[in-house]
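A structural walkthrough
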Amino acid sequence: MNEITKEKEKNDLKISNKHFEIVVKISLIIGIIIVSGFIIYYLLTPEPGSITFGILDEDKRAENYQKVAFVDETISFHLTVGNYLDRDFTFGFKIKKGNNNTVLSSSGSNGSLYLTLGNFTLNPNESKIYGEYNISFSEAGDDQIIIAELWAIKNGIEEYFNIMYLRLNITY
């Protein structure tokens, strides 16, 4: 190879390296902008809120639930609701009784209605424990169920929201 060809190849290689460096720099800048955009979006977008719902034992704790009771024995429990939405939450409860034939689903239950309590409102980031509710069963049997349904109230219309339940064995 002659000197002119070698010199031309060196110049072509230098130009290619410069083009490659420019492409890498542009790619890095674009990557930084995209990642920064995701980070800013994540920081500025609030997490969706939630509602907590639970059944507490007679001592207002989520433990030591009664599992066995006698016929006509009073079983006491409390309900708790927490509002972690960015708006007020208005709701009511339906307390039902059921047995091993009761269907529990994501849209409610077919248990027999025992008590309806309604129109409570919680402010954002507020939680409360409601009542001491008493219930008893007049028949013995395994898998007797205390069902608590939470119903959201929007514009005066009840809308099913969530379900919690306790299973008991009722004996004589």
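Description of the structure in this document. (Residues numbered from 1 in each chain as written. Predicted model: local features only at pLDDT ≥ 70, side-chain atom pairs only at ≥ 80, totals over all residues. Heavy atoms only, no water.)

Moving on: the side chain of D57. Here D57 lies in the loop between β1 (51-56) and β2 (68-70). There is no salt bridge for the buried D57, and the closest opposite charge comes from R61, which lies 4.2 Å off by N-O distance. Only 2.9 Å separates the side chain of D57 from the backbone nitrogen of D59, close enough to count as a polar contact. In contact with D57, other than residues within four places in its own chain, are E63, N64, Y65, S76, F77 and H78. (Helix = DSSP H or I, 4+ residues; strand = E, 2+ residues; numbered from the N terminus. Buried < 20%, exposed > 50% of the residue type's maximum accessible area, 1.4 Å probe, protein only. Lys, Arg positive; Asp, Glu negative; His and termini not counted. Salt bridge = Lys/Arg side-chain N within 4 Å of Asp/Glu carboxyl O. Polar contact = N/O pair within 3.5 Å; in protein donor to acceptor, adjacent residues only side chain to side chain. Contact = heavy atoms within 4.5 Å.)

Let us look at the sheet that holds strand β8 (residues 126-135). Judged by pairing direction, the sheet is antiparallel, and its three strands sit side by side in the order β1-β3-β8 without closing on themselves. Across the chains shown, the open sheet's two edge strands, defined by having one partner strand only, are β1 and β8. Averaged over all pairs of adjacent strands, the angle between strand axes in this sheet comes to 15°, irrespective of strand direction. Bridge count between β1 and strand β3 (residues 75-83): six bridges; the pairing is antiparallel. In the strand pairing of β3, T52 is matched with G82. (Pairing = 2+ DSSP bridges. Axes fitted to C-alpha atoms, helices over the stretch in contact; angles between N-to-C directions.)

Okay, the sheet that holds strand β10 (residues 157-171) next. The strands that make up a sheet are held in pairs by hydrogen bonds between backbone atoms, and each pair lies either parallel or antiparallel. With mixed pairing, the five strands of this open sheet are ordered in space as β2-β10-β9-β4-β7. Lying at the two open borders of the sheet, with one neighbouring strand each, are β2 and β7 (112-122). Going from strand to strand, the sheet's axes swing by 30° on average, the running direction of each strand aside. Inspection of the sheet shows β2 paired to β10 by three bridges, in the parallel sense.

The analysis is restricted to geometry; functional conclusions fall outside its scope.
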